[in-house]
Structures are given as structure tokens and as C-alpha cells.
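Structural features, examined
Below, each chain spelled out in residue letters.
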Amino acid sequence: MKNVLPFLPVALGVCLLLASFLAPLASSSPDGLERVAEDQGFLEQAEGNQVWKSAPVPDYEMPGVGGSGIATALAGVAGTLIVFGLALGLGRLLVRGRGAGKSRADRQAAEDAGGSISR
Amino acid sequence: MHIPDGLVSAPINIATAVVAMGVGAAAVARARRTLGEKKVPILGVSAAFVFAAQMLNFPVAAGTSGHFLGALLVALLLGPLNGFLVMAVVLVIQSLLFADGGLTALGTNIFNMGIVGGLGGYGLFRLLTLTLPRRRGVFVAATAVSAWFSVVLAASVCAVELALSGTSPLALALPAMAGVHVLIGIGEGIISAVVVSLMLGVRPDLVLAWKPQEVKA
């Protein structure tokens, strides 16, 4: 496998652009499940039943920020960076502490380093 | 399709959470053995993309929107179990930090979107590409179809859960949920196909499911 490092900032940059510039323009209509719940009259069953009430950024709007577009963009950027960091950290944790050369992935990496695979 | 608290019964939330934990344990065990160090950043970027793209609700009918799910896409990029881990990370954060998807329904949401959508869509993709030539166009077309299917399947399972919970009778919930997600799934198919197409163009080595026909070097 080629080096992933040049790809990373570009891909993460695209994600951050989507979250900051496109997310505020997204449709605010109810989604498929909400639409069905509304139409069939079981949406109220969810109202007031929220168990976890301490979500810091409810409804993808950063609190304390005037202008819902900016609040959405900030929520999007924050969430995108948080899941990026968490998934990265989880991956690191899973890979770490493994005996070198013992896993299939490491053998593959060694092969790639030798340049014998041209994918 | 993020289910809030109060719509699905406790037995279903518990059963799905148990299944989700089982698949999670299998995914962790497999990643420990096989996850390549160079794949780790792709795990992060995939989660970032799924989160960002899920915010982009697009209108599908009057007064109704839908958004990208991403379970099939990440399964193709990283393998179905690593893809499941990415979806689980995103769904947990959406529930805890953004109040999107109820905490009691977290297991059900991970089950529906991560397992039913991700593994179901991936299963169809493997079936579709089993006998077809390993060409780029075929791969992209199979991606679109499987992505559409993953959303419709997850929504249908969600309807079954609502019915089993006594929230809405199956005869009403299933056609309504499947019907609107047949439309939302078209968006899923287009976005997944575009992303896979771009990836095959610039970095085909980062699409795990892509195994091109042997060519002479």
C-alpha cells in the first residue's frame, strides 16, 4: 500500500468543508423516520422521553452562538474532528501491542515495503 | 433513521445491544489480528466523512428529508467489521454529544445501521460481484445498488422493531418506512457510487473490496 499520509489532510479537509459549508444548507425537514412517526402519530411517544439530557450540542447547533448557520457549522466541525480522533485512537489502540511480523497485516506491510505488490 | 428514546421496547433495545456488543467484540478481535497500521488513519477519515455527510439532509419529498448513512461505503473501504467499528463510533457520538438517537435505543440504532445496513449491504455487494467481471464500472454499479439496498433493509428492520414494540402496526410501519427509504436510498446509492468512483480514481489501494482483474505488469 502506498503512503496514506498525503491523502489524509485532503480527505479530512473535504469532510470539514462538508460539515462547515454544506451542513448549514441541509434540509431541515423531518427525516424518513420522523416523517413516518409524525404521519402515524407516534412521534409524541418520543417527546419528553429523552433519557440522556446532557448532550452538549443538541440538534447539531453549537449553543451560545448567534445565527443558526454558524452554530451548525461549528457543531459539524466539532463532531467531525471528534469522531476522527476517536476512530483514529481506537485503531491505534487495536494495532498497538501486537507482536511485529505476526499478523497478516504486518506481513502485508513487509511485502508492500519490498515493492512486490503493485496495487 | 436514528430512533429516539421511547419508540422501541426495552426487550428489543436490550437484544439488539447484546448483538451489537457481540459483533463489536468480533470486530475488535479481528482488527487486533489483521488491521494494518496504515489503515488506522483511514478509520479516522471514514468516521469523519460519515459524520459530516450524515449532516447533509437532502429533500426527498414534500416536507421530508433523508441523509447519507455510509455503512455500506465504509464496509467496502475497510472491510465489514472495521466498517462496523466506524459506524459504532459515529452513532455513539451522535447520541451522547448531539442528542441524535436515544441513549436507550443506541443498541438498536447500531444494530440497524451498523449491522443490518452495513453487513446486509456488504452481503448483497459480495453476491452481486461474485460472478461479474472485476471491472471498475461493475464495482461502482454494484456499490450503488448495495448502498440503496442497505438503507431500505435497515429501514424495514426498523419498522419491524416499531411493530414488535407495539408502536405502530407492521402493516402501516413497514410500507411507510420502506417507501420513504426507497427514495432516500437513491441518494445513498449516488453518494456511495461517487465516493467509490473517486477513490478508485485517485487511491484504489484504499478500497479494500476492490480486487481488479490481473493485469500484466
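Residues numbered from 1 in each chain as written. Chains lettered and ligands numbered in written order. Predicted model: local features only at pLDDT ≥ 70, side-chain atom pairs only at ≥ 80, totals over all residues.

Looking now at the interface of chain B and chain A. Facing 65 residues of chain B, the contacting portion of chain A comprises 58 residues. Counting residues per element, the ones that place at least two in the side of chain B that touches chain A are α1 (10-34), α2 (40-54), β1 (58-61), β2 (64-66), α4 (80-98), α6 (136-164) and α7 (170-202) of chain B. Looking at the side of chain B that touches chain A, the element that brings in the most residues is α2 of chain B, giving 13 residues. When the residues that make up the side of chain B that touches chain A are grouped by side-chain class, the tally is 42 nonpolar, 16 polar and seven charged. (Contact = placed C-beta atoms within 7 Å. Helix = DSSP H or I, 4+ residues; strand = E, 2+ residues; numbered from the N terminus. Nonpolar A, V, L, I, M, F, W, Y, C, P; charged D, E, K, R; others polar.)

Residue and element names in this part refer to chain B. If you look at the biggest cluster of nonpolar residues, it comprises 100 residues, and the most contacted ones within it are Ala47, Val86, Met87 and Cys158. Broken down by element, the residue count for this core peaks at 15 residues, all from α6. In this structure, Met87 is in contact with Val50, Ala71, Val74, Met113, Gly114 and Gly118, ignoring residues within four places of it in sequence. (Core = buried A, V, L, I, M, F, W, Y, C linked by C-beta atoms within 7 Å. Buried ≥ 20, exposed ≤ 12 C-beta atoms within 10 Å, placed from the backbone.)

All names here are of chain B. With 19 residues, α4 ought to run about 27 Å at 1.5 Å a step, and its terminal C-alpha atoms sit 26 Å apart, in line with that. In terms of residue burial, α4 counts as a mostly covered element, since 16 of its 19 residues are buried. Count one or two residues on from α4 and you reach Ala99, which has phi positive near 55 degrees. (Expected span 1.5 Å × (residues − 1).)

Here the phi dihedral of Tyr60 of chain A falls at roughly 55 degrees; this positive angle occurs in a residue that is not glycine. Relative to the helices and strands, Tyr60 of chain A is located in the loop between α2 (32-39) and α3 (68-95). Classification of Tyr60 of chain A as buried rests on a count of 25 C-beta atoms within 10 Å. One non-glycine residue, Ala99 of chain B, lies in the positive phi region at around 55 degrees. In this structure, Ala99 of chain B sits in the loop between α4 and α5 (106-130). Accessibility expressed as a C-beta count within 10 Å gives 21 for Ala99 of chain B, which makes it buried.

All names here are of chain B. Note that β1 and β2 share three bridges and pair antiparallel. From the neighbouring strand, Phe58 faces β2, where its bridge partner is Gly66. A loop of two residues connects β1 with β2, the two strands running antiparallel in sequence, and Gly63 in this loop sits at a positive phi of about 70 degrees. (Pairing = 2+ DSSP bridges.)

With that settled, consider the packing of helix α3 (residues 71-78) of chain B against α4 of chain B. Residues and elements named next belong to chain B. Contact geometry for α3 and α4: axes closest at 7 Å, N-to-C directions at 135 degrees. With respect to their mutual orientation, α3 and α4 come out oblique. For α3 against α4, the interelement crossing comes out right-handed. Together, Ala71, Val74, Ala75 and Leu78 of α3 and Pro80, Asn82, Gly83, Val86 and Met87 of α4 make up the contact between the two elements. Tallied by class, the residues present in the contact of α3 with α4 amount to seven nonpolar, two polar and no charged. (Axes fitted to C-alpha atoms, helices over the stretch in contact; angles between N-to-C directions. Parallel < 35°, antiparallel > 145°, perpendicular 65-115°, else oblique. Left-handed = near helix turned anticlockwise from the far one by under 90°.)

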